[in-house]
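Structural overview for review
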Amino acid sequence: MVEIVSGTVLRLAEDASVQHVGDGAVVLLARSGQLYTCNGTTEAFLDKVDGARNLDQIVDLLCEEFEVDKGTLDQDMAALATDLISEGILAAPGA
């Protein structure tokens, strides 16, 4: 299992693309053809994943966008990143 810490730089997997549709977004994994629907939180998170920002920088941007406790958001976004890596949507750190 990959450990996501505040300094972990996150990027989309090579074959993942995010498309905004209506009030949400979908992620398409080209290699498998799988389609994932995103809730608003996941959409906002993925919008900030650019391969240059680390988790802490992404959380700071989300804190500006939503009124939420940074400590809670840190934990929630680290768990989300771990889930997205396990699904193949985000690239594993160092990969």
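Residues numbered from 1 in each chain as written. Predicted model: local features only at pLDDT ≥ 70, side-chain atom pairs only at ≥ 80, totals over all residues. Heavy atoms only, no water.

Under an unreviewed UniProt entry, the name given to the protein chain is PqqD family protein, and the organism recorded is Mesorhizobium ciceri.

Moving on, we get to the pattern of salt bridges. Under the counting rule described, the total for this entry stands at 7 salt bridges. Between Asp50 and Arg53 there is a salt bridge, with its nearest N and O atoms 3.4 Å apart. Among the ionic contacts, a cluster of salt bridges with common partners joins Asp56, Asp60, Lys70 and Asp74. (Salt bridge = Lys/Arg side-chain N within 4 Å of Asp/Glu carboxyl O.)

Among the nonpolar cores identified, the biggest contains 26 residues, and Leu10, Phe45, Leu55, Met77 and Leu90 are the most heavily contacted of them. Those elements giving two or more residues to this core turn out to be strand S2 (24–29), strand S3 (34–38), helix H1 (40–48), helix H2 (55–65) and helix H3 (70–86). Of the residues forming this core, the biggest block, 7 residues, is contributed by H3. Look past the residues within four positions of Met77 in its chain and what remains in contact with it is Thr41, Phe45, Leu55, Val59 and Leu62. (Core = buried A, V, L, I, M, F, W, Y, C linked by side-chain atoms within 4.5 Å. Buried < 20%, exposed > 50% of the residue type's maximum accessible area, 1.4 Å probe, protein only. Helix = DSSP H or I, 4+ residues; strand = E, 2+ residues; numbered from the N terminus. Contact = heavy atoms within 4.5 Å.)

With that settled, the discussion passes to the pairing of S3. Two strands pair when backbone bridges link them, and S2 and S3 are joined in this way by 5 bridges, in the antiparallel orientation. When the bridges of S3 are listed, Leu28 appears paired with Leu35. Following S2, the chain reverses through 4 residues before pairing antiparallel with S3; Gly33 in that reversal takes a positive phi of roughly 75 degrees. (Pairing = 2+ DSSP bridges.)

A separate point is H2. Regarding H2, the residues found buried are Leu55, Ile58, Val59 and Leu62. Viewed end-on, H2 has its buried residues packed into an arc of 100 degrees, placing them on one side of the element. Considering only its buried residues, H2 is in contact with H1 and H3. Sitting at the head of H2, Asn54 places a side-chain oxygen 3.1 Å from the backbone nitrogen of Asp56. (Arc of directions from axis to C-beta. Polar contact = N/O pair within 3.5 Å; in protein donor to acceptor, adjacent residues only side chain to side chain.)

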